[in-house]
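The chain contents come next:
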Amino acid sequence: YTQSQRITLILRVVGSYCGRIDRRQKPQSQSRRYRLIMTRIERVTLVILGMTVLSLTVQSQVCYTSVASYSQASRLQYQTVYGVGYSTYACGFLWLDRCRRSHLTNTARSYTGYYPLLSYAAVPQCCAGYIGTYPNCQPYCDGGCQNGAVCTSPGVCTCAVGWTGTNCEQDINECNGDHQCDHNCTNVDGSYVCSCDDGYVLLSNGRTCQDIDECQTSNGGCTQLCNNSAGSYQCSCQSGYELTSDGHSCADVGECLFGTHNCSQVCVELAGGYDCNCSSGYELQDDGVSCEDIDECVQGSDGCSHNCNNTIGGFVCTCYEGYQIHHENPTDCVDIDECIESNGGCLHICQNSNGSYECMCHPGHRLDADDHTCEDIDECMESNGGCQHSCMNTMASYYCLCDIGYTLDNDDHGCSDTNECSNSNGGCQHNCTNTNGSYQCSCATGYTLSEDSQICSIIKNPVVDASNQVSAHHYS
């Protein structure tokens, strides 16, 4: 049916249902149910005269049943004065939700009315081809799905890899197709297994075969040489040996005794073979016969604390400048104390250090350009030795002097003015006035300073100046 046909069918069933209600005398409280099936539609909406009366949304595995039912709504009884009886039926689009039955009688009969009410419900259930109870609807496959297959829709089994058939009961023989095995393919239920020929190993991808290098494990069981090949290997012997019947061992043919060996230095006879050895200071090469000088200096096996010089079959240790080989250990270097002999050539002090020494001078001297002799430092040449007035250099030292009229300070560098007047009035007979670096004598009124600038003499005809004093400057 199309959706429009389904709508028509619904309307017809409802209309017929209402007509049967009117034509039959149903007892009170009796109800009737009718089932209307709608399956596998996405949405159905009934519109009657502009009114939406039914709307359903349905999933593909769930079907809905529309159930219509009616029940007695009320019961009324009246006395009527009408003498003529008639019946009316009211059903159809405008009264879809209920039907009315009316029966009028004459005065001697009663009036009875029933109002059945219709209701509709959409009941979900599993569709055909599905089993279970809503909402747990599962597709059904007849005979069941085998070997791990899953029933994905009614009658359809989705098989696991390696199986086919309606119910996935038939194994696929992958070995008849593109199995991708390098060597051998063996079919098994639901799959296949790759294997390799002797002398090969199957890699982790399960398909690729890789050659086994038997020589990597215990040299393939060979006593001397092992030669790997594709899928196999072969033992061989060095010169002077021959392979025995077991295909692995080598028998000695007396190479050391008969001189048929290839050892470059020492041949050691062994039961079933021989070995080549080397003299001290040499090592055996990869060919097993040649000997080559061991460069102990490169290998770091020399033990020299400083320098290593390789020699044929040995080595010699040397020391850095300022060091010498220890007299008891030829690989150890000890410091040379240069100051022990002739004070290291230093004029004053010799200070030894690891691998060297240093000349130093006494205070007041400095090291000469030859780094050994010392010369006096003239402190007065630099900033006057820090003296305020005069600087006098001496051997390994210096001292400061002050000008006349000044006294050397306690720091032995600064100079301060001497107050001559504080000592015997500076030698002045009358008055003494101190000045920077000197002093001045003066006489009282009526006296004059004599030529020695200290003694005052009486003035016969005095001339008095503004200060009423006669004075004279003295310079010591």
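What counts, and where the lines are drawn
- Residues numbered from 1 in each chain as written.
- Predicted model: local features only at pLDDT ≥ 70, side-chain atom pairs only at ≥ 80, totals over all residues.
- Heavy atoms only, no water.
- Helix = DSSP H or I, 4+ residues; strand = E, 2+ residues; numbered from the N terminus.
- Buried < 20%, exposed > 50% of the residue type's maximum accessible area, 1.4 Å probe, protein only.
- Contact = heavy atoms within 4.5 Å.
- Areas by Shrake-Rupley, 256 points an atom, 1.4 Å probe, with all protein chains shown as cover.
- Patch = residues over 30% accessible without salt bridge, like charges linked within 9 Å, V, L, I, M, F, W, Y side chains within 5 Å.
- Salt bridge = Lys/Arg side-chain N within 4 Å of Asp/Glu carboxyl O.
- Lys, Arg positive; Asp, Glu negative; His and termini not counted.
- Charge placed at Lys NZ, Arg CZ, Asp CG, Glu CD.
- Disulfide = S-S within 2.5 Å.
- Pairing = 2+ DSSP bridges.
- Polar contact = N/O pair within 3.5 Å; in protein donor to acceptor, adjacent residues only side chain to side chain.
- pLDDT = per-residue confidence, 0-100.

Visitor: I'd like a description of the overall build of the protein chain, backed by residues and values.
Guide: Scanning the protein chain from N- to C-terminus turns up three helices and 42 strands. For the protein chain, the proportion of its 476 residues judged to be buried stands at 28%. For the protein chain, the share of sequence-separated contacts (at least 6 apart) that also reach a separation of at least 24 residues comes to 30%. In the form shown here, the protein chain has an accessible surface area of approximately 29,600 Å², with 49% of it arising from carbon and sulfur atoms.

Visitor: Tell me about a negative patch on the surface, residues and numbers included.
Guide: Taken together, E358, D368, D370 and D371 make up a surface patch of like negative charges. For E358, the position within the fold is in strand β31 (residues 356–360).

Visitor: Give me a nonpolar patch on the surface: which residues, what numbers.
Guide: Taken together, the side chains of V201, L203 and I212 define a hydrophobic patch exposed on the protein surface, amounting to about 200 Å² of accessible area. With respect to the helices and strands, the residue V201 is situated in strand β16 (residues 200–202).

Visitor: Provide a residue-level description of the state of the cysteines, including the pertinent values.
Guide: By the definition in use, this model includes 25 disulfides. Disulfide pairing places C319 opposite C333 at an S-S distance of 2.0 Å. One disulfide, between C319 and C333, carries an S-S torsion of -90° and so falls in the left-handed class. Separated by 14 residues along the polypeptide, C319 in the loop between β27 (314–318) and β28 (323–325) and C333 in strand β29 (residues 333–335) bring together distant segments of the chain.

Visitor: Run through unusual backbone geometry, naming residues and quoting values.
Guide: Cis geometry is found at the peptide bond from Y134 to P135, where omega equals 10°. With respect to the helices, strands and loops of the structure, P135 is situated in the loop between β8 (130–131) and β9 (138–139). Even without a glycine there, the phi angle at N219 is positive, about 55°. The topology assignment puts N219 in the loop between β17 (209–211) and β18 (225–229). For S383, which is not a glycine, the phi torsion comes out positive at approximately 60°. Within the fold, S383 resides in the loop between β33 (374–376) and β34 (390–394).

Visitor: Summarise the pairing of β31; cite the residues concerned and give the values.
Guide: With five bridges connecting them, strand β30 (residues 349–353) and β31 associate as antiparallel partners. What sits directly across from S353, in β31, is S356. Taken together, β30 and the strand that follows it, β31, pair antiparallel across an intervening segment of two residues, in which G355 is found at a positive phi of about 80°.

Visitor: An account of the pattern of salt bridges is requested, with residue identities and associated values reported.
Guide: Overall, the coordinates contain one salt bridge when judged by the stated rule. The shortest N-O distance in the salt bridge between R366 and E375 comes to 3.4 Å. Looking at E375, the relative accessible area reads 33%, which means it is partly exposed.

Visitor: Go over the environment of T394, please, and point to the residues and values.
Guide: Considering the arrangement of structural elements, one finds T394 in strand β34. In this structure T394 comes out as partly exposed when scored by relative accessible area, which is 28%. Along the primary structure T394 and I377 are separated by 17 residues, whereas in three dimensions their C-alpha atoms are 9.0 Å apart.

Visitor: An account of the pairing of strand β38 (residues 431–435) is needed here, citing residue identities and associated values.
Guide: Summarising the sheet, β38 and strand β39 (residues 438–443) pair through five bridges and their orientation is antiparallel. If you follow T435 over to β39, its bridge partner there is S438. Connecting β38 to the next strand, β39, in antiparallel fashion are two residues, including G437 with a positive phi near 80°.

Visitor: Now, about the environment of H372: what can you tell me, with residues and values included?
Guide: Assignment of secondary structure puts H372 in the loop between β32 (365–367) and β33. Once you skip the residues sitting within four places of it in the chain, H372 turns out to touch G344, G345, C346, L347, Y357, C359 and L367. One polar contact links the side chain of H372 to the main-chain carbonyl oxygen of G344, over a distance of 3.4 Å.

Visitor: Explain the environment of I212 to me, and be specific about the residues and the numbers.
Guide: Among the secondary structure elements, I212 is positioned in the loop between β17 and β18. According to the relative accessible area criterion, I212 is partly exposed, its value standing at 33%. Once the C-alpha coordinates of I212 and S229 are considered, the two residues, 17 residues apart in sequence, prove to be 9.0 Å apart. What I212 contacts, discounting residues up to four positions off in sequence, is G199, Y200, V201 and N228.

Visitor: With reference to specific residues and values, describe the confidence of the model for the protein chain.
Guide: Looking at the protein chain, the pLDDT average stands at 76 and 72% of residues meet or exceed 70. Segment residues 1–59: pLDDT under 50, and 100 contacts once partners within four positions in sequence are set aside and those in other chains are kept. Considering only residues more than four positions removed or in separate chains, one finds that residues 72–112, a stretch of pLDDT under 50, has 84 contacts.

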